[in-house]
Amino acid sequence: MADGRAAAPATAGPQPAPLLAIENLAKSFGGVTAVRGCTFTVAEGTVVGLIGPNGAGKSTVVDLVSGFGRPDAGRISFAGREIAGPARWGSRRVKTMRPDRIARLGIIRTFQNPREWPQLTVLQNVLLARCAFGHESLWRTLTRARRIRREEAEDLAVARQILDRYQLGDLADVRAGTLSGGQKRLLEFARIAAAGPRLVILDEPMGGVNPVLGGRIGDAIRQFAADGHTVIVVEHNLPFIERICDEVIVMDVGEVIAQGSFDGLRGNPRVVDAYLGMDLSHG
Amino acid sequence: MMYWVSVVTEAGIFAILALGLDMVWGWCGDFDLAFYGYLALGSYMTMVLTIGKPVPPTQYILGLSLPYPLAVVLADIAVVAFAAIIGAVTLRNLREIYFAVTTLSAVSALYLFVQVYTPLFDGYNGLFGLVNPGQAALNLTYNGYRTFFMAVVLGLLGLAYLLVQRVSGSPFGRMLRAVRDDEQAARAYGRGIFFAKYRAYLFGAALAGLAGGLLAVFISAFNTSAWAPQELLLIYAAILVGGRGNPRGVIIGVFVVYVAFVELTRFLPFGDAMRQILIGLLIILMLRFRPEGIFAERPGGARAGGARAGGARAGRTGNQVGEVADPAAARAAGTKAAGT
């Protein structure tokens, strides 16, 4: 397997502003604190792994960043915009952006289970992900349907190319709900490719995935980075993380306990402790 | 002969209503029980805009004598305005049974309000007097006018069908179905859920209002006995039979169910009660044996590729998708179908 990691960035000189900055994020559900004092940044164009034992708060952080939950405290800024932060006049409530608005800003996330639109065809799933909102005006549909169809022709060609890239070309007209689990995972990637977001957050993309498909997923993620997207990958599969990530953030019991290169983690006692002495070397 | 004109006219009117309702139920997945109220409001408003000033003791609002087509348009606008309020409240966060119950409450409240507050539409007595508007101007006999009106209804149904087909196969229609299938995933791809459903809801209500305006002429009178909220169940049964989410299926379903019911209940005893029993039976049987209807929804709506091998089993109205036993067969069937 080719080592796809970029060289560690030089620390001298002014750094460009991080694409995503999270500051003191906190979230509790009832009596359970899922996330506390969570702070980290993600630089543009990198692949960052977010790892940690079960219950560390990783998926909660993903939900909070993508707008699918409201933080109790903290601040999240993306591409210079604050997408979650203290409400005006320093009140205790955190105001947050709606998830669809955050998606339109350029953050696309996946869920732990593939969530295709089952009654639409594979091709339509990808077309929809392309987010051509201008085509979805009801008024224009009633009055300029032919024009919309013409404008869509280009999106259609691109969508088919993307499907071919992920070996889903033959399945273009099959209802997405009938795909196998592995095919649905590939469809997720096809949709992300179609959407072309600035930041992709993958929530356990390797769940239930066989090694061959896993290899393809790893290549797809490195390709996203090469194309200029930024990726955050939440995963338990540590060899996979080591292979594809430029940098790793480790969480445990709701807070960030380490951030840095994968190699550096092995010597970090807190990380080792969190994983109860799990072997962090190649599997 | 005139009997069939009457049956076809009435079926045509309800087909327009059903097309509107299918937008909300078939494409958005929301089980709305307020739609008959929109039909009723359309009828009432059309009447108070055409039958002139009330003669005491009859009382109702407005009481203008506008030309009928204009009255229908204005009535439709009023219906859409009313639906805008109901939709704004119910579509934000309510789904499934909560949405159904809230819309049922809204229409029941309207129903009771109209019954009790007589200055509105004369309560139980209702309105009457919209008899064949323009018959003299068109120089038609009574039967001639009824036939002409049937042609108008079918023409409007055709127009409604074309518009609905256009929306169904459009990116907007596709997006509605995605919102229906998986709302959270749609959010994750930047779709505003409320805004999507709201627009479809208002469009559906506009069709219901139009149907109401036409019904006012068909019956020439309208009162609360003509619209109990449960009347909507017959329309739902028709949509179930014909094909939820499939505009052609919906129209055929309405005609089949409507004509079948009218014919059957002529020969059976207990008329109206038997009708209710048969509607219930029909719904149960359809849900049990063929929930997607005679004409299943095409993947992603009209004009889309017709993948059927994998689709037929996957098209359960409960939005559960059955895994196809043999993905290879589905693939083979899929590649045979025409692309979008």
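On a predicted model such as this, the values are computed, not experimentally measured, just so you know. (Residues numbered from 1 in each chain as written. Chains lettered and ligands numbered in written order. Predicted model: local features only at pLDDT ≥ 70, side-chain atom pairs only at ≥ 80, totals over all residues. Heavy atoms only, no water.)

On to the overall build of chain A, then. The helix and strand tally for chain A stands at 10 helices and 11 strands. In summary, chain A has a C-alpha radius of gyration of 20 Å against a globular reference of 19 Å for 283 residues, a match within 12%. If one aligns the C-alpha atoms of chain A with their principal axes, the spans along those axes are about 60 × 50 × 45 Å. Across the 283 residues that make up chain A, the buried fraction comes to 53%. Within chain A, contacts between residues separated by at least 24 positions form 65% of all contacts whose residues are at least 6 apart in sequence. Element-wise, carbon and sulfur atoms account for 51% of the exposed surface of chain A, whose accessible area totals about 12600 Å². (Helix = DSSP H or I, 4+ residues; strand = E, 2+ residues; numbered from the N terminus. Rg over C-alpha atoms; globule rule 2.2 N^0.38 Å. Buried < 20%, exposed > 50% of the residue type's maximum accessible area, 1.4 Å probe, protein only. Contact = heavy atoms within 4.5 Å. Areas by Shrake-Rupley, 256 points an atom, 1.4 Å probe, with all protein chains shown as cover.)

With that settled, the discussion passes to the overall build of chain B. Each helix and strand counted, chain B has 15 helices and two strands in total. Evaluated residue by residue, chain B yields a buried proportion of 56% over its 340 residues. If you take every contact in chain B between residues at least 6 apart in sequence, the share linking residues at least 24 apart comes to 77%.

The next thing to look at is the pairing of strand E8 (residues 199-203) of chain A. All names here are of chain A. Counted residue by residue, E8 has five buried out of five residues, so it is predominantly covered. Alternating residues of E8 divide into Leu199, Ile201 and Asp203 and Val200 and Leu202, and every residue in both groups is buried. The pairing of strand E7 (residues 107-109) with E8 spans three bridges and is classified as parallel. Pairing of Ile108 across the sheet is with Val200, part of E8. (Pairing = 2+ DSSP bridges.)

Residues and elements named next belong to chain B. Here helix H3 (residues 68-90) crosses helix H10 (residues 193-219) at 145 degrees, and the two axes come no closer than 8 Å. At the point where H3 passes H10, the crossing takes the right-handed sense. Residue-level inspection shows Tyr68, Val72, Asp76, Val79, Val80, Ala83, Ala84, Ile85, Ile86, Gly87 and Ala88 of H3 in contact with H10, the latter providing Phe194, Tyr198, Tyr201, Leu202, Ala205, Ala206, Gly209, Leu210, Gly213, Leu214 and Val217. Looking at the contact of H3 with H10 residue by residue, the classes come out as 18 nonpolar, three polar and one charged. (Axes fitted to C-alpha atoms, helices over the stretch in contact; angles between N-to-C directions. Left-handed = near helix turned anticlockwise from the far one by under 90°. Nonpolar A, V, L, I, M, F, W, Y, C, P; charged D, E, K, R; others polar.)

Residues and elements named next belong to chain B. Under the 1.5 Å per step criterion, the end-to-end length of helix H4 (residues 96-116) is 30 Å for 21 residues, consistent within 8% with the ideal 30 Å. When H4 is considered as a whole, its buried residues turn out to be Phe99, Ala100, Thr103, Val107, Leu110, Tyr111, Val114 and Gln115. Projected down its long axis, H4 carries its buried residues within an arc of 140 degrees, all on one side. Structural note: H4 exposes Ile97, Tyr98 and Val116 on the side pointing more than 90 degrees away from its buried face. Residues of H4 that are buried sit in contact with helix H2 (35-48), H3, helix H5 (118-121) and H10. (Expected span 1.5 Å × (residues − 1). Arc of directions from axis to C-beta.)

Let's shift gears to the nonpolar core. Counting residues in hydrophobic clusters, the biggest one holds 162 residues, and the most contacted among them are A:Tyr166, A:Ile221, B:Tyr38, B:Tyr201 and B:Trp227. By size, the runner-up hydrophobic cluster in this structure holds 30 residues, among which are A:Leu20, A:Val48, A:Ile102 and A:Val234. (Core = buried A, V, L, I, M, F, W, Y, C linked by side-chain atoms within 4.5 Å.)

For the coordinates displayed, the defined rule picks out 26 salt bridges over all chains. Linking B:Glu297 and B:Arg180 is a salt bridge whose minimum nitrogen-to-oxygen distance equals 3.0 Å. Of the two residues, B:Glu297 sits in the loop between helix H13 (271-289) and helix H14 (309-314) while B:Arg180 sits in helix H8 (residues 171-181), which places them 117 residues apart along the sequence. Here B:Glu297 falls in the buried class, since its relative accessible area comes to 9%. Under the relative-accessibility criterion, B:Arg180 is labelled buried at 10%. The closest approach of N and O atoms between B:Arg290 and B:Glu292, which form a salt bridge, is 3.5 Å. A residue is classified by how much of its surface remains accessible, and B:Arg290, at 34% relative accessible area, is partly exposed. Overall, the relative accessible area of 10% leaves B:Glu292 in the buried class. By sharing partners, the salt bridges in this structure join A:Glu23, A:Arg75, A:Glu82 and A:Lys95 into a single network. (Salt bridge = Lys/Arg side-chain N within 4 Å of Asp/Glu carboxyl O.)

To continue, consider the packing of aromatic side chains. All names here are of chain B. Throughout the structure, instances matching the rule amount to 21 aromatic pairs over all chains. Ring centres 5.2 Å apart and planes at 10 degrees place the aromatic pair Phe113 and Tyr117 in the stacked group. The class of Phe113 is partly exposed, set by a relative accessible area of 44%. Under the relative-accessibility criterion, Tyr117 is labelled partly exposed at 41%. (Phe/Tyr/Trp six-rings, centres within 6.5 Å; stacked < 30°, edge-to-face > 60°.)

Given a rise of 1.5 Å per residue, 21 residues ought to cover 30 Å, and the 30 Å separating the end C-alpha atoms of helix H5 (residues 145-165) of chain A matches this to within 8%. Approximately 30 degrees is the largest bend angle found in H5(A), and it occurs at A:Ala153. Those residues of H5(A) lying buried are A:Ala145, A:Ile148, A:Glu152, A:Asp155, A:Leu156, A:Ala159, A:Ile162 and A:Leu163. Buried-residue contacts for H5(A) involve helix H3 (122-129), helix H4 (138-143) and helix H6 (181-195) of chain A together with helix H7 (142-168) and H8 of chain B. (Bend = angle between axes of the 7 residues up to and from the residue.)

Once that is clear, we can look at a nonpolar patch on the surface. All names here are of chain B. A cluster of nonpolar residues, Leu70, Val73, Leu74 and Ile77, forms a patch on the protein surface that exposes about 340 Å² of accessible area. In this structure, Leu74 sits in helix H3. Residue Leu74 is classed as partly exposed on the basis of its relative accessible area of 35%. (Patch = residues over 30% accessible without salt bridge, like charges linked within 9 Å, V, L, I, M, F, W, Y side chains within 5 Å.)

Attention now goes to the environment of A:Leu171. Tracing the backbone shows A:Leu171 in the loop between H5 and H6. In this structure, the C-alpha to C-alpha distance between A:Leu171 and A:Arg109, residues 62 residues apart in sequence, is 23 Å.

With that out of the way, let us pick up the sheet that holds strand E6 (residues 94-96) of chain A. Residue and element names in this part refer to chain A. In space, the five strands of this open sheet follow the order E2-E1-E4-E5-E6, with antiparallel pairing throughout. Of all the strands in the sheet, just strand E2 (32-42) and E6 have a single pairing partner and so form its edges. Ignoring which end each strand starts from, the neighbouring axes of this sheet average 20 degrees apart. Strand direction decides the pairing type here: strand E1 (residues 20-29) and strand E4 (residues 73-78), joined by five bridges, are antiparallel. Of the residues in E4, the one forming a bridge with Glu23 is Arg75. Sitting on the sheet, helix H1 (residues 58-66) is in contact with E1, E2, E4 and strand E5 (81-86), with an inclination near 115 degrees to E1.

All names here are of chain A. Residues Gly74, Ile76 and Phe78 line the buried face of E4, whereas the alternating positions Ala73, Arg75 and Ser77 sit on a face that is not buried. Note: E4 against E5, three bridges, orientation antiparallel. If you follow Ile76 over to E5, its bridge partner there is Ala84. Between the antiparallel neighbours E4 and E5 lie two residues, among them Ala79 with a positive phi of about 50 degrees.

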